[in-house]
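If you want the building blocks of each chain, they are given just below.
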Amino acid sequence: MIRDVDVAVIGGGSAGLAAAVMAARQGARVMLFERQGFLGGMGTASLVHTFCGLYLLKSGPVAELANPGFPSEMAERMMASTGLGPIRMGRLDVLPQHPVDFVRIADELVKAESSLVVQWHTEVIGVRKNQGRWEIDWSCRGSLGKASTTVIVDASGDAVTAPWIGAAHEVAPRLQRPAYVFGIQGVKAFPDERRLQLAGMLVEGIRTGVLSKAALGLSFRPSGRPGELFGTLDLAGEEGGSIYDPLDPVGLSALEAEGRRVASGALACLREMAPEWSAAFISQWPARAGIRESRRWVGRACLTGAQIEAGTRFADEIGLATWPMEHRENVRGPKWHFPVEDRPTGIPLDCLRIPDHDNLFVAGRCISVDHEAQASIRVMGTCFVTGEAAGVAAAIKAGGGDPTASAVRRIPGHGNFSQAL
Amino acid sequence: MSREVDGIEVIGWLRSEEILMLEEGFTVGDDLFQAGLDSMAVMQLVVAAEEQFGVQLQAGDLTKENLTTAESLATLIRERRT
Ligand SMILES: Cc1cc2nc3c(=O)[nH]c(=O)nc-3n(C[C@H](O)[C@H](O)[C@H](O)COP(=O)(O)OP(=O)(O)OC[C@H]3O[C@@H](n4cnc5c(N)ncnc54)[C@H](O)[C@@H]3O)c2cc1C
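Rules used throughout
Residues numbered from 1 in each chain as written. Chains lettered and ligands numbered in written order. Predicted model: local features only at pLDDT ≥ 70, side-chain atom pairs only at ≥ 80, totals over all residues. Heavy atoms only, no water. Disulfide = S-S within 2.5 Å. Axes fitted to C-alpha atoms, helices over the stretch in contact; angles between N-to-C directions. Helix = DSSP H or I, 4+ residues; strand = E, 2+ residues; numbered from the N terminus. Left-handed = near helix turned anticlockwise from the far one by under 90°. Contact = heavy atoms within 4.5 Å. Nonpolar A, V, L, I, M, F, W, Y, C, P; charged D, E, K, R; others polar. Near = heavy atom within 4 Å. Polar contact = N/O pair within 3.5 Å; in protein donor to acceptor, adjacent residues only side chain to side chain. Areas by Shrake-Rupley, 256 points an atom, 1.4 Å probe, with all protein chains shown as cover. Domains from an automatic or database assignment. Buried area = accessible area lost by both parts, 1.4 Å probe. Salt bridge = Lys/Arg side-chain N within 4 Å of Asp/Glu carboxyl O. Buried < 20%, exposed > 50% of the residue type's maximum accessible area, 1.4 Å probe, protein only. Lys, Arg positive; Asp, Glu negative; His and termini not counted.

### Remarks on the state of the cysteines
Phase 1: Summed over all chains, the structure comprises zero disulfides over all chains.
Phase 2: The thiol of Cys366 of chain A is unpaired, and the distance to the nearest cysteine sulfur, on Cys383 of chain A, comes to 8.6 Å.

Laid out in structure tokens, this is it:
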């Protein structure tokens, strides 16, 4: 049976969740395809545990939400679920989020929409155009199926649809590096001051040959739950001996194995050396290593790093990017690039649209931007913004309307974002 | 290597090793933690200090006090060198 819908969303990460829920709230019949058994993407499957990009950049003391609508709703729901508010880091405000809460919140959001069907454990494996509509091929546990849709939103993170339909796409020559995030329990105390000494112990482990040098990319953060930490291991992605390629199965496999190997070694080392870690254990592996950047769409417009640096605003903007450009091109920690006067940048609707196809929108970390701008717009707070706009635009288009930026902004619960400026 | 390490040299070294992006005008008394020194940067610092200055900093050396400024870091490196 071929299922017929108005909007098909490929990928249920933070962008796809926003797109599917917001398209359904406009009354569209929506189908969301996700190959995992839960939503959230990097924010759940890869255990990325803070929402960045939700708040305006500023030196004032109070965190101020940058975008109303879905991003603000997610912030509220997450705060209600974890009981934690935003944390100030220098000029940046971030909201701690827990992957377990994120999965459940996403469940509640999709359940509330009667016109939204989520198809989990389903990988979209092909897309083609047929008489103006899209035909989608999917695969689930040995079954192959088809769907037909008026509009597609590609929120796959990897712009998977682009090569299938022969659309322009690119992969930057020097990509942001991946990381492996894992859960830890059984640590008796984790005072701030102790982090430095733990770092020293890891170096000691490297000196004595117990640990590989890759452990230099490791840092820890409390999860917000009693006794639980997350370890984040920044990797070069070249540990397997080949050039980092997040779209290559061999390289991806090496990344997963290396992440687990280094994490296990580091834990063993700390159990020996730090008394309060003597009973510590790894309590959770991610479903997949964290990928910051891979294939991107080349759309009708391309937001650049220079525009983010200047805090450029656009007539057709659909929301604001507020996270500074956070480069992670090596495993030596972030290199920050802040916009002048901490300005927010508008995200043009044309970065979510592609040439030649009016009925396809893109959202999330693979929208049409350059490598520098991607270092800002990839964060989840901004993925909610682009996901929401893509979902609303897709619903307008499927209903026969003209999805202009002002039409997208006029949607209730979305329309007053300029008040935040 | 006979010359004593001082705070100015430490600032130049932190910059050239890309352990920290220190703004122009950063002084030997300014706070390195506020400039972004975190546990990951500290690991790189320890490895790089071994290569550059021939000192093996130990976990016990890595206190907030010792690492707060380029000045205090230079003192630590001098002490561990002897
Ligand atoms: C290590 C690391 C640390 C980070 N730190 C932060 C941070 O602190 N704060 C922050 O806000 N952001 C952070 N980010 C960035 C952020 O997590 C991601 O950029 C963001 O989550 C991307 O969301 P997305 O929806 O665009 O894509 P993804 O989260 O990658 O979601 C894409 C989804 O699509 C699914 N999918 C893909 N192809 C198909 C297909 N063919 N069929 C079916 N399903 C498919 C995938 O399974 C996935 O669920 C970090 C990223 C990494 C890797």
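Still more to cover.
### Some thoughts on the packing of helix α1 (residues 7-16) of chain B against helix α2 (residues 39-53) of chain B
Residue and element names in this part refer to chain B.
Phase 1: Taken N-terminus to C-terminus, the directions of α1 and α2 make an angle of 115 degrees; their axes are 12 Å apart at the nearest point. For the element pair α1 and α2, the recorded crossing hand is right-handed. Along its contact with α1, which presents Glu9, Trp13 and Leu14, the element α2 presents Leu45, Ala48, Ala49, Gln52 and Phe53.
Phase 2: Along the lines of polarity and charge, the residues of the contact of α1 with α2 split into six nonpolar, one polar and one charged.

### A word on the site of the ligand
Residue and element names in this part refer to chain A.
Phase 1: As a structural note, the neighbourhood of the ligand is formed by 31 residues, with Glu34, Met42, Thr50, Arg378 and Met380 the closest of them.
Phase 2: Interatomic distance of 3.2 Å between a backbone N/O atom of Ser14 and an oxygen atom of the ligand.
Phase 3: The contact in question runs from an oxygen atom of the ligand to an N or O atom on the backbone of Arg365, over 2.9 Å.
Phase 4: Coverage of the ligand by the protein chains reaches 95% of its 1000 Å² of free accessible surface.
Phase 5: Secondary structure elements with two or more residues in the shell around the ligand: α1 (14-25), β3 (50-51), β7 (123-130) and α9 (380-398).
Phase 6: Split by residue class, the shell around the ligand holds 13 nonpolar, 12 polar and six charged.

### Focus: the domain arrangement of chain A
Residue and element names in this part refer to chain A.
Phase 1: Annotation of chain A at the domain level lists domain 1 (2-173 + 293-420) and domain 2 (179-284).
Phase 2: Here domain 1 and domain 2 have C-alpha centroids that lie 29 Å from each other.
Phase 3: Residue-level contacts link 16 residues of domain 1 with 18 residues of domain 2.
Phase 4: Summed over both partners, the interface of domain 1 with domain 2 comes to about 1300 Å²; 62% of that surface belongs to carbon and sulfur atoms.
Phase 5: Our count for the contact surface shared by domain 1 and domain 2 stands at two salt bridges.

### Examining the interface of chain B and chain A
Phase 1: Across the boundary between the two partners, chain B contributes 21 residues, which contact 24 residues of chain A.
Phase 2: Both sides together, the interface formed by chain B and chain A hides about 2000 Å², and carbon and sulfur atoms give 60% of it.
Phase 3: Broken down residue by residue, the surface that chain B buries against chain A is led by Met40, Met43 and Gln44 of chain B, which jointly contribute 31%.
Phase 4: The tally of links between chain B and chain A comes to one salt bridge.
Phase 5: Secondary structure elements with two or more residues in the side of chain B that touches chain A: α2 and α3 (64-67) of chain B.
Phase 6: Examining the composition of the side of chain B that touches chain A, we find that nine residues originate from one element, α2 of chain B, more than from any other.
Phase 7: Residues of the side of chain B that touches chain A, tallied by class, amount to 11 nonpolar, five polar and five charged.

### A few points about the side chain of Arg409 of chain A
All names here are of chain A.
Phase 1: When you line up the elements, Arg409 lands in helix α10 (residues 405-409).
Phase 2: One buried charged residue, Arg409, remains without a salt bridge, the closest side chain of opposite sign being Glu317 at 5.7 Å.
Phase 3: A polar atom in the side chain of Arg409 sits 2.5 Å from the backbone oxygen of Glu317.

### Topic: the environment of Val369 of chain A
Phase 1: Summarising the element assignment, Val369 of chain A is placed in the loop between β21 (357-362) and α8 (371-377).
Phase 2: Those residues in contact with Val369 of chain A, other than ones at most four positions away along the chain, are Glu170, Arg296, Trp297, Cys302, Leu303, Gln374 and Ile377 of chain A.

### Some points on the environment of Gln97 of chain A
Residues and elements named next belong to chain A.
Phase 1: Positionally, Gln97 belongs in the loop between β5 (92-96) and α3 (99-111).
Phase 2: According to the relative accessible area criterion, Gln97 is buried, its value standing at 1%.
Phase 3: Considered as a pair, Gln97 and Phe70 are 27 residues apart in the sequence and their alpha carbons are 16 Å apart.
Phase 4: Once residues lying within four places of it in the same chain are set aside, the contact partners of Gln97 are Gly43, Val48, His49, Thr50, Phe51, Met78, Phe102 and Met380.

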